[in-house]
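Chain and residue survey
Chain by chain, the residues:
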Amino acid sequence: MNDKAMNTAQDVVRCDLCTDVVQHYCKSCHVNLCGNCRIKHIDRNKLTKHEIVPFTSQHLKQEYKVQKCEDHPKQEKDLYCQDCNVPICSRCLTGNHKRHGAVDLEEICESTRNSVSEDLKELYHFEREYSKIVKDMEMRVISYKGHCDKENGSLEKLGQVWHKIIDNAIEKIENKLAVMIKQDLQILQDNVEKIQSSYQKVKQCIERNEYILKEENSFQMLYYKSDVEELRLVPSRKDVSPPTLIFPDTRKETIIEQIVSLRSSFQSSLPDITITKTGDVSMVSNRVLVEDPELISVMFTYSKKLKGIRCESDDKVWIYGDDEKIRQLDKSGSTLQCFNAVSGNSQKDIALSKDGHIAFSHKVNECIYLVKKNGIEKYVDMAGWIPYGLMYNSDGELMVCMRRNDYTESKVGFFTKGKLNQEFQFDETGKPLFSISRNNMYICENGNGDICVSDWNACAVITMKKSGEFRFRYAGNRSCSFKEFYPHGIATDSSCRILVVDRDNNCVHVTDRNGKFLRYISCGLEDPFVLSLDEKENLWVGECDNNCIKIIKYLE
């Protein structure tokens, strides 16, 4: 155990945040706390519902098994490399794991245990929702069969009325109906089996997580692989509308084809479903990436050093650059509106609210301004902090990336009506989420509620849950021999894919919602800096030195 843990022979149990004697225990975060640090712990993690109880012997933390490092046999593995996902020793940070993110091994074990517990809670939600979907699919099969049985009955009666005159025609339609029913039932049954398979996997994951928590084998937790994000997206299914017979007025004499006809069943894809942390269900787009992205238009903006764009629609965009003007352009590049935003060449980003207001960050004045119809007004005074990337989230809050004006701290804050609602700065272990520098940060909200931040100096995209809990870091696609990954502008699409500009490599990286690399988009990009998506989900990429915008189609 580390120095803060208990040495039963020589010392009392100490606070995890300082060296004072422990008095309390946070059951939510599994942290030992003294009287002074109790308040600090709650303030640092305001979004977490903390269950603080008096400390007892049953809260003693488990001592983790120690392993020797294979590369440095005299050293114990006491750290965990976040880039390679393996235990390492401190000397490894000067060798194979140089410049990699590393945390205390005991802390990551405890954090993983918390993740297992959180996953288990979500899996219970998944079990409920998958159960509903399976029942719904089964009812669709029953409904389909009932409908088709009714149609068959009607067809039989019609055959009795017209006797042998239309026997041949009826036989043909019966055959067609039988083939449709067989094909459609197979599709519906495949739906049930597909969802049933995922449902069983959810139940298996629950059993596994319950077993892990019961066994409390901490070292085994290092190899725990969460299936939550895989299971969050319910597999796509096809819907089938049953065939329907069309009957004419049988009192009229007419030709055989007019006696009865068959309207074919039709198949359609149901939208994908995602299950949130609280068990809420929402639909997700299932648009797929095109094989070869297409450059469909180039707009010249005549802006000096283009550094920010926000699409208002599929034919209007807001931009800004070093000429200290915020412009609204149409697709031809003509200026529709223009505002002076004198900022001493310190403007950092712009955001567009649902009501059409433009927010822009100001480095020198350490504030954020709003552009309204009647002029420009100060929205947030951030004295001591420099605002960088901006974005309005789905709740209407203004998300702001900030760095302290002495460049010793960085964080993300959410503002409503000029007031700070919440902020995220540290992960669950108390370590900073973001780098410390004067370089750019950009931010966006994903459709699953995640907050994605591109941190230039960290050479990574940091993704958090809506609660502020760290999810993953995307540090580029290491399989390619590109220059180092320095991310800039960032956005997400309706399928929760993440798109981020890689300026030094003249491309845009596309990942899935979990940070898995999917593809590059280049299309002749030169010095890309920022990006935005329009209403049709075409990608608009602003090139800084070329002062132009390239519009790219990358979805089917």
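Residues numbered from 1 in each chain as written. Predicted model: local features only at pLDDT ≥ 70, side-chain atom pairs only at ≥ 80, totals over all residues. Heavy atoms only, no water.

1. Describing the overall build of the protein chain
Put simply, the test is: Put simply, DSSP H or I for four residues or longer makes a helix, DSSP E for two residues or longer makes a strand, and each gets a number counted from the N terminus. A 1.4 Å probe rolled over the protein chains alone gives each residue an accessible area, and that area as a share of the maximum for its type sets the label: buried under 20%, exposed over 50%, partly exposed in between. Contacts are residue-level and defined by heavy atoms, with any inter-residue pair within 4.5 Å sufficient.
If you tally the helices and strands in the protein chain, you get 4 helices and 37 strands. Per-residue burial for the protein chain yields a buried fraction of 49% across its 556 residues. A fraction of 50% describes how many contacts in the protein chain between residues 6 or more apart in sequence connect residues 24 or more apart.

2. Things to note about the sheet that holds strand E16 (residues 316-320)
Convention followed: We call two strands paired when DSSP finds no fewer than two bridges between them. Fitted lines through C-alpha atoms serve as axes, helices being fitted only where they are in contact, and the angles separating the N-to-C directions of these axes extend from 0 to 180 degrees.
As summarised here, the arrangement of the 4 strands in space is E15-E16-E17-E18, forming an open sheet in which the pairing is antiparallel. Each of the sheet's edge strands pairs with one partner strand only, and the pair in question is strand E15 (308-311) and strand E18 (335-340). Going across the sheet, the axis of each strand differs from the next one's by a mean of 15°, ignoring polarity. Sheet analysis places strand E17 (residues 325-330) next to E18, joined by 5 bridges and oriented antiparallel. The residue bridging Lys-325 from the neighbouring strand is Asn-340, located in E18.

3. Focus: empty space enclosed by the protein
Applied cut-off: Here a cavity denotes a set of grid points, spaced 1 Å apart and computed over the protein atoms alone, in which a 1.4 Å probe fits but from which it cannot get out, and a pocket denotes an open set meeting protein on both sides within 12 Å along at least five of seven lines; residues with an atom within 4 Å of a point are reported as lining. Grid points are joined across faces, edges and corners, and a volume is the space filled by probe spheres set on the points. Three classes are used, and their members are as follows: Ala, Val, Leu, Ile, Met, Phe, Trp, Tyr, Cys and Pro are nonpolar, Asp, Glu, Lys and Arg are charged, and the others, Gly among them, are polar.
Enumeration over the complete set of coordinates arrives at 1 cavity of 30 Å³ or more. Breaking the lining of the largest cavity down by element, the ones donating at least two residues are strand E27 (441-445), strand E31 (487-492) and strand E35 (528-533). Residue composition of the lining of the largest cavity, grouped by class: 5 nonpolar, 1 polar and 2 charged.

4. Description of the layout of surface pockets
Size it by volume and the second largest pocket reaches roughly 1,400 Å³. When contributions to the lining of the second largest pocket are tallied by element, the ones reaching two or more residues are helix H2 (105-162), helix H4 (228-232) and strand E30 (470-474). By residue number, the principal contributor to the lining of the second largest pocket is H2, which donates 7 residues.

5. Re the environment of Leu-262
Locating Leu-262 in the fold gives a position in strand E10 (residues 261-263). In the structure, Leu-262 is positioned 86 residues away from Lys-176 in sequence and 8.5 Å away in space, judged by C-alpha atoms. Apart from the residues lying within four places of it in its own chain, the contact partners of Leu-262 are Ile-173, Lys-176, Leu-177, Met-180, Pro-243, Thr-244 and Leu-245.

6. Examining the pairing of strand E26 (residues 419-424)
Examined bridge by bridge, strand E25 (residues 410-416) and E26 share 5 bridges and lie antiparallel to one another. For Thr-416, the partnering residue across the bridge sits in E26 and is Lys-419. Where E25 folds back onto E26 in an antiparallel hairpin, the turn is made up of 2 residues, including Lys-417, whose phi is positive at roughly 50°.

7. Some remarks on the environment of Ile-490
In this fold, Ile-490 is placed in strand E31. We classify Ile-490 as buried; its relative accessible area is 6%. Expressed as a C-alpha distance, the spacing of Ile-490 and Phe-529, which sit 39 residues apart in the sequence, is 9.6 Å. In contact with Ile-490, other than residues within four places in its own chain, are Tyr-442, Ile-443, Cys-444, Cys-452, Ser-454, Val-461, Ile-498, Leu-499, Val-500 and Leu-531.

8. Quick notes on a nonpolar patch on the surface
Where we set the bar: Patch membership needs two things, relative accessible area over 30% and no salt bridge, and members are linked within 9 Å if like-charged or within 5 Å if nonpolar (Val, Leu, Ile, Met, Phe, Trp, Tyr). Accessible surface is estimated by sampling points in the Shrake-Rupley manner with a 1.4 Å probe; for residues, cover comes only from the protein chains shown. Throughout this description, the term salt bridge denotes a Lys or Arg side-chain nitrogen within 4 Å of a carboxyl oxygen of Asp or Glu.
A cluster of nonpolar side chains, namely Leu-295, Val-298, Phe-300 and Tyr-302, defines an oily patch on the protein surface of about 440 Å² accessible area. Structurally, the position occupied by Tyr-302 is in the loop between strand E14 (289-300) and E15.

9. Comments concerning the nonpolar core
Here is the rule: Here the nonpolar core consists of buried residues drawn from Ala, Val, Leu, Ile, Met, Phe, Trp, Tyr and Cys, with membership extended through side-chain atoms lying within 4.5 Å.
Core analysis: the largest hydrophobic core is formed by 37 residues, its most contacted members being Leu-123, Phe-126, Tyr-130, Val-202 and Leu-231. Elements with a contribution of two residues or more to this core: H2, helix H3 (167-215) and H4. Ranked by residues supplied to this core, first place goes to H3 with 15 residues. In contact with Leu-231, other than residues within four places in its own chain, are Leu-123, Phe-126, Tyr-130, Ser-198, Lys-201, Val-202 and Cys-205. Core analysis: the next-biggest nonpolar cluster, separate from the first, contains 23 residues, Leu-306, Val-500, Phe-529 and Ile-551 among them.

10. Thoughts on the packing of aromatic side chains
Convention followed: The aromatic pairing rule takes the rings of Phe, Tyr and Trp, using the six-membered ring of Trp, and pairs them if the centres are within 6.5 Å, calling planes under 30 degrees apart stacked, those over 60 edge-to-face and the rest tilted. A ring is scored as having a charge over it whenever the NZ atom of a lysine or the CZ atom of an arginine sits within 6 Å of its centre and within 35 degrees of its normal.
Applying the stated criterion across every chain, the model contains 6 aromatic pairs. Centre to centre, the rings of Phe-414 and Phe-424 are 5.6 Å apart; their planes meet at 80°, and the pair counts as edge-to-face. Of this pair, Phe-414 sits in strand E25 while Phe-424 sits in strand E26, and the two are 10 residues apart along the sequence. Judged by relative accessible area, Phe-414 falls into the buried class, the value being 1%. The residue whose ring lies beneath Arg-403 is Tyr-388, and the NZ or CZ to ring-centre distance is 5.6 Å. One residue, Lys-411, lies across the ring of Trp-385, its end atom 4.1 Å from the ring centre.

11. A word on the pattern of salt bridges
Enumeration according to the criterion identifies 27 salt bridges in this entry. The salt bridge partner of Asp-83 is Arg-473, with a shortest N-O separation of 3.7 Å. Remark: Arg-473 occurs in strand E30 and Asp-83 occurs in the loop between strand E4 (79-81) and strand E5 (86-88); sequence separation between them is 390 residues. Given a relative accessible area of 23%, Asp-83 falls into the partly exposed group. A salt bridge links Glu-229 to Arg-471; the shortest N-O distance between them is 3.6 Å. Here the residue Glu-229 occupies a position in helix H4, and Arg-471 occupies one in strand E30, the gap between them amounting to 242 residues.

12. Brief notes about the sheet that holds strand E36 (residues 539-543)
To summarise the sheet geometry, strands pair through backbone hydrogen bonds and adopt either a parallel or an antiparallel arrangement. The strand order across the open sheet built from 4 strands is E14-E37-E36-E35, with neighbouring strands paired in antiparallel fashion. Where the open sheet ends on each side, the last strands, each with one partner, are E14 and E35. Across the sheet, the mean angle separating the axes of adjacent strands is 25° when strand polarity is ignored. With 5 bridges connecting them, E36 and strand E37 (residues 548-555) associate as antiparallel partners. Pairing of Trp-540 across the sheet is with Ile-551, part of E37.

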